[in-house]
Structures are given as C-alpha cells and as structure tokens.
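This is what each chain is made of:
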Amino acid sequence: MFVLHVALQGCLRGRDVVYGLTADTGGHIRYLLDLVAASAQDFSVAEIVVATRLFQGAPGPDYAVPEERISDKVRLVRLPSAAPGYRTKEAMHEEVASFAENLVAWIAAQKRAPDLIHAHYADAAAVAAIVEARLGIPFVFTAHSLGRVKAAMLGGDAAGAPDLARRIATEEAALAQATLVIASSRDEAEVQYAGYESYNPGRVRVIPPGSDLARFAAACPHPRVDALIDRFLDDPGKPPLLAMARPVARKNLAALIQAYGESPELRARANLVIVAGTRDDIDALDGDMAATMRDLLVLIDRYDLYGSVAYPKTHRPDDAPAIYAYARERGGLFVNPALNEPFGLTLLEASAAGLPLVATDSGGPNDIVETCGNGLLVDPRDPEAIAQACLRILADPALRARYVAGGARAAAAYDWDRHAARYHALLRALLAPEPPLRTPWQLLVCDIDNTLVGCEAALGIFRRWRSQQAGLAFGVATGRSFHSAMAVLEQQMSPRPQVMITSVGSEIYHLDANGVTYTADGAWRAVIEAGWDRGALGAALAGIDGLLPQGPLEQRPYKLSYFGDAAAARRVRAHLAEAGLAAGVIHSHDRYLDVLPAAASKGTAVDHVRALYGLPERAVFVAGDSGNDVEMLRARVQAIIVANYSDDLASNAALKHSYVARASHARGIIEGVAHFRRMLAHAS
Ligand code: GLC
Ligand code: MG
C-alpha cells in the first residue's frame, strides 16, 4: 500500500517542528507526523509520502527543500504553487488549483501511483478532489478542526465573515467528496460535523489518536502537592479515593461524597480526595459550578467528614501527574462517578499513573475498562454500588494488582500503533472491497452489549462461525449511536455488520458497496418521522420527578434518553398519555429510559430491513439480552435470548416463543440459530 498524505498548512518538516512558529504550525502537524511514524511500522504499508507546499523566504530555508527523507519508507515532498512565499490558511485557497496541477504531474512522474490520498484540512481535500477527478485515486479526509465549531465559539455573525464562510464551504465540499472521514472523538463525529449539510454519519469513523500518557506513566509525587492535600487529613497515610473533575452537576461528585459518607467501612479504610478544579471565590465560578461546589460542601458538613476529605482550593495545571502519584503511593484508587462521560481522558491518565478505576458505566469509560481491564464500572446513580466497588478493590490486593496491571495496557491501547492498525484495516478494506450480500437468504440481527460482545472468547467463536455462513446477512440492533456501536465493534474485531440498527431502532444504516462506509436509510427516517415532535416531548418531560437527561451525545434526532427507574418510567408514560403526545417509551436495566417515535423500535426496524431484503419471517433470527430488546424479540418468530439475560426476559409472557439459550453472549446466538434451523428442517 502506498499512501500519499497532503497537508498544506504551516511550516512542516520531518523533525524538530517549531510548533507555534506560525499560527498554522499546530497540532495537526504533530498528529500527522505521529500517524505517519506509526503507519510506517506496518509491513502492509510499502511507501508513504507527505506532500506539502514549498515556499521561499521567511520563516526559513528548510521549507524550500524539495524533498526530505523522514525514514525508510517515508518522504516529505515539497511542491510549489502559484505564490512563492509562505501563505496563511486564510489565503491557502488561492494555492489549491496550482498545487493540485503540480501534484498530478508529480504523481505521473512516479514509478507507482499512490493507492490512496489522505487529506489533512479542507484545502488539502480540495486538492485531493482535483487529483481524484483526474487520476481516479480516492481520498480520506481528516478535518483536524472545523470552521463551524470556530464560528459557534465566536458566536454572532462570525460564520458570515468571508474567511470563515469560505472555509466552511470548502469543508462542506470535502465532506461531500471524501470516501471516508476520520474523526478523533464521538463528539466530533456526532455533534461537530452534524452542523454541515453534507454530513453523512455513516462515512465518518472515530479512531482515537494516541494520547501522550508517558507523562502520567512516569508520574512522581511532589512535596508541594502532597502538602496541598495532607493539610485536610487526620490520617494522611490512608489510601485515598481520588476524584478529579470540574464541579459541574454532570460529573456527579456528590454521589461519591454520599457513597463515602454513608459507608462506615469505607470511612474507616480510606480518605476521600476531591480535586474539583481551582477557584478563587466559589461565588465567582461559572455556570452551574458555584451551585455544585456549594452542594459538595454541604454534603461534607452533613456527613461530618472533616479530617477525612480533602478538597484543595487550587493547584497548578501541570500538577495532575503528582496528584495521581499521591494516590498511587498510598494504595488509593481513582473514581469517576459522572452521569455520563463522553470519552474519559482522566481515566486513561489515572490508569497510566498506576491507579485502579471505579468508573461510571455510561459513555466512554465502558470502552476504556473493556479494553484495558483496569477497574470496575458502576451505576453512577447508585452511591451504594460506588461504595461497594471501592471496598472490593481496597480489600482485595490481587484484584487491585490486576487493575493496576491493566493500566499499563491503557498506554498501549490508546496509542498510535493501535490507531494505525484500525486505520490500515479500513484502508485495506477500501482497496479490496467485500461488498454486502445483495440477495441474502437469511438475516441475523443481534443486540451488541451483553449479547454479541461481553465475552471475548465467545465473539472469537462467533467470528469463525459467521465466516462460514454464506447467504446469511448479519446485522446489529443497539441502543448505542452509530459511532459508539462502530467503536466497540471495531475494537472487539466483530464481523462487520451489513446493516446497523442504532439508537434503539430510530436509525438504520446500510453498508455501502465499498464494504467500509454506511448510508443512512432515508426511507426509514420518513416512516418514523410522522407525528414526532421532539421539542414538545422534551418540554413535556422536563420537570418529571426522578428523570435525568443522559449526556448530550446520547440525545439523537429521533431519540430522547434519560436515566430513571421503573416508577419514573410509569410517570413518563402517564404524563405523555395525558398530554396527548404519541411516543414509544422503552425502559431497560432499570435505569435507561428512551423516548422514541411511536413507529420506531428495534423490532419495527428489523421488519423494515426484512422487507427491504424481500425475506419471509422464517428467514429472520434476532438475539438480545435486555429490556430494550423486548420489542425486537416479541415481534419476531425466531427470537433468541442469551443465557446472561436481564430484565426478567425469560419470564416475560410476551416472549414465551423465544429460545432461551444455555450459552451466554455470542455463543448463545450460535446455539439459538442452530436451534431454529433444526426446527425449520423438521418442518419441511
Ligand atoms: C445505550 C445508549 C443509551 C440508551 C441505552 C438503552 O446505552 O447509549 O442512550 O438509553 O442504550 O437503550
Ligand atoms: Mg444488550
């Protein structure tokens, strides 16, 4: 594989990049050089060229050198464009056409043409689009930062300013033309891009960049930091439960204080250290931080935790490693009780610094703990569960050691080699497409969490089994969003589904002919749209007792998601009926509550796909484990409940027809399909 990267901005060179030398010599260069270095390690990559602009004069002669070898496989090639000198990113669009001409000529002069182009920033994508039109080489796009996000941050009329408007238009074109878009986070993939007209979520993949955890892996205690904490504590030698987060309601620090305050055993065994940002005057804190901070102080007083809780008023921005080291040296652990945590960088940092984790099971931490085996996930709404998890780790040195060892995997898992492996898998698939089955004769749709994934060995067996099922179309149906689902599937090396039913059936995506990207099912959207009034529903549910909105990433155009128990679910149903608002209300794991268009569920979505494939009912298998699978299992004749089910599925009267597998997770799916196939063979 020969990959050509194109990056026009800033002062790019192979080594000793002077970040900040110009305003455009920033993070994207670091990203590019780290990526290229990791990419070159893979034997399937034969050659990498980074093409950038050649310019004379300031900022220096290095940037007028036509070719620089970075390593064995990697060259930096500088090509001229219309202007001879340095150009800022605002002026770069004037160079696009001439640079593209020179790049086409350069490619023509090579022994071998690149297989793929990877464009960094939208002007480079404009170049790549010209090259693709001329030479037919497809391109991948990384935006690095987006004009619309900048405009939103600046506010007001900023988006109308000519520079920014042009940039946004170029980004629109890049998103429309790129074969694949690579994003770093779900927030980027699902929120930041969503403002663009040519946004196509199925074409975006989230691959987290390597994070620089070395600073945390090498964390040492610091006497100044120790003193900041110790002055609060009667017995500073006790292991601390450390939490480090901004004092905002979403971070749910109050639940940790409550967990600690209400557990005499935990209070006897450990101290609590809460590093909640820095403050001058609580009253001057922004947003909900002042109120949250006051709530924390009230709780500390209520439980009379003086002498056993530290909550330093200030620390320096680069004190974080020393704070983790403080906790590690005393045998402590790191707790993140957030109601929802989009990614969880602090968890990676704490873990790299040698701390076991007790983390919220909502959001990114799932992936982190799944990947690294570095701690326990807890329901953040359950202080008792938080206390139990902390005690389990404190009381069991072997368990603790296992989680600490898992932390060493964090640095390995979230690093550039791992990124490159997933990146190359996608590129290779693009170059040798395995298109979806157009006329399958059977369809299997599985829930993801605790059904398809949850047991690595079972998924391995499933993978092999799946590869032998000619004619069987494989799909997933999940409560997760498309990108959240895709991230677990790719991390766990699940077989690639040809249909993804996501956000509890409110979205359907079909695998494209290129075998990598997906297209949203517009017909399905039209079906469920009828009668859906998202605004009215949101407003109607605003004040309901015991109902808390999930994080912003979980809210989708056709899905409103909350936390709430069975009583809250009853209140929601009653309230919506009274208000005359039509919607589906789906409750699972006794705490997730999804509000969907009346016509949307995993069950109706599977039926939509069945009809699209022209399959009879008897050709469809579905498998699930929990409450949000009930609609799907109920509606299908051949329904499989895996052995590790919850929400009392097996005793649910509506699911009497289901096959309850003896095996758990993905093994249970195989067992169920075999069962129904046997039945079919009997009947015929
Ligand atoms: C997933 C989703 C969440 C939803 C839950 C149950 O966890 O991320 O938003 O409420 O599934 O369907
Ligand atoms: Mg599940």
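Residues numbered from 1 in each chain as written. Chains lettered and ligands numbered in written order. Predicted model: local features only at pLDDT ≥ 70, side-chain atom pairs only at ≥ 80, totals over all residues. Heavy atoms only, no water.

Engineer: What am I meant to see in the packing of aromatic side chains here?
Structural biologist: For any pair of aromatic rings, the description consists of the separation of the ring centres together with the inter-plane angle of the planes. All chains considered together, the criterion is met by 13 aromatic pairs. With a centroid separation of 5.0 Å and 85° between ring planes, the pair formed by Tyr 31 and Trp 416 is classed as edge-to-face. Remark: Trp 416 occurs in helix α17 (residues 416-431) and Tyr 31 occurs in helix α1 (residues 27-40); sequence separation between them is 385 residues. Like Trp 416, Tyr 31 is buried. (Phe/Tyr/Trp six-rings, centres within 6.5 Å; stacked < 30°, edge-to-face > 60°. Helix = DSSP H or I, 4+ residues; strand = E, 2+ residues; numbered from the N terminus. Buried < 20%, exposed > 50% of the residue type's maximum accessible area, 1.4 Å probe, protein only.)

Engineer: Help me understand the side chain of Asn 374, please; the structure alone is not making it clear to me.
Structural biologist: Within the secondary structure layout, Asn 374 lies in the loop between α14 (365-372) and β14 (375-378). Overall, Asn 374 belongs to the buried group, its relative accessible area being 0%. Beyond its immediate chain neighbours, meaning those up to four positions away, Asn 374 contacts Ser 351, Pro 356, Leu 357, Ile 368, Val 369, Tyr 403, Gly 406 and Gly 407. (Contact = heavy atoms within 4.5 Å.)

Engineer: Before we go on, may I ask you to explain a negative patch on the surface in this structure?
Structural biologist: Taken together, the side chains of Asp 565, Asp 590, Asp 647 and Asp 648 define an acidic patch exposed on the protein surface. With respect to the secondary-structure elements, Asp 565 resides in the loop between β21 (560-563) and α22 (566-579). (Patch = residues over 30% accessible without salt bridge, like charges linked within 9 Å, V, L, I, M, F, W, Y side chains within 5 Å. Areas by Shrake-Rupley, 256 points an atom, 1.4 Å probe, with all protein chains shown as cover. Salt bridge = Lys/Arg side-chain N within 4 Å of Asp/Glu carboxyl O. Lys, Arg positive; Asp, Glu negative; His and termini not counted. Charge placed at Lys NZ, Arg CZ, Asp CG, Glu CD.)

Engineer: How do you make sense of the site of ligand 1 when you look at a structure like this?
Structural biologist: Inspection of the region around ligand 1 gives Gly 479, Arg 480, Val 504, Gln 550, Glu 554, Lys 559, Ser 561, Ser 588, Tyr 592, Asp 594 and Asn 628 as its neighbouring residues. With respect to ligand 1, the side chain of Gln 550 contributes an N or O atom lying 2.7 Å from an oxygen atom. Interatomic distance of 2.6 Å between a side-chain N/O atom of Asp 594 and an oxygen atom of ligand 1. The fraction of the free accessible surface of ligand 1 (310 Å²) that becomes covered by protein chains is 87%. Looking at the shell around ligand 1 residue by residue, the classes come out as two nonpolar, five polar and four charged. Here the shell around ligand 1 gathers at least three residues from each of two domains, domain 3 (433-527 + 601-683) and domain 4 (531-596). (Near = heavy atom within 4 Å. Polar contact = N/O pair within 3.5 Å; in protein donor to acceptor, adjacent residues only side chain to side chain. Nonpolar A, V, L, I, M, F, W, Y, C, P; charged D, E, K, R; others polar. Domains from an automatic or database assignment.)

Engineer: What's the story with the environment of Gln 492 in this structure? I'm lost.
Structural biologist: You can see Gln 492 is positioned in the loop between α19 (482-491) and β17 (499-502). Once residues lying within four places of it in the same chain are set aside, the contact partners of Gln 492 are Glu 370, Val 453, Leu 459 and Arg 463.

Engineer: Can you help me understand the pairing of β21 in this one?
Structural biologist: In the case of a regular strand, side chains alternate between the two sheet surfaces. Neither face of β21 is exposed, since Leu 560 and Tyr 562 on one face and Ser 561 and Phe 563 on the opposite face are all buried. Relative to β21, strand β20 (residues 548-549) runs antiparallel, the two sharing two bridges. Looking across to β21, one finds that Pro 549 is bridged to Tyr 562. Pairing between β21 and strand β23 (residues 592-596): four bridges, direction antiparallel. Across the sheet, residue Leu 560 finds its bridge partner in β23, namely Val 595. (Pairing = 2+ DSSP bridges.)

Engineer: Explain the state of the cysteines here, please?
Structural biologist: By definition, a disulfide links two cysteine residues through a covalent bond between their sulfur atoms. In total, this model carries zero disulfides according to the counting rule given. Left unpaired, Cys 455 is separated from the closest cysteine sulfur, that of Cys 446, by 14 Å. With relative accessibility at 22%, the residue Cys 455 sits in the partly exposed group. (Disulfide = S-S within 2.5 Å.)

Engineer: Sorry, what's going on with the sheet that holds strand β5 (residues 116-120) here?
Structural biologist: Either a parallel or an antiparallel arrangement is found when strands of a sheet pair, and the pairing is made through backbone hydrogen bonds. Strand order in the open sheet made by the eight strands is β3-β4-β2-β1-β5-β6-β7-β8, with mixed pairing throughout. A strand with exactly one partner marks an edge of an open sheet, and here the two such strands are β3 (67-69) and β8 (204-206). Strand after strand, the sheet turns through a mean of 20° between neighbouring axes, direction not considered. Across three bridges, strand β7 (residues 180-183) lies against β8 in parallel orientation. Bridged to Ile 182 within β8 is Arg 205. Relative to the sheet, α1 contacts β1 (2-7), β2 (47-53), β4 (74-79), β5, β6 (139-142) and β7, its axis offset from that of β2 by approximately 160°. In the packing of helix α3 (residues 122-135) onto the sheet, contacts are made with β1, β5 and β6, and the angle to β5 comes to roughly 155°. (Axes fitted to C-alpha atoms, helices over the stretch in contact; angles between N-to-C directions.)

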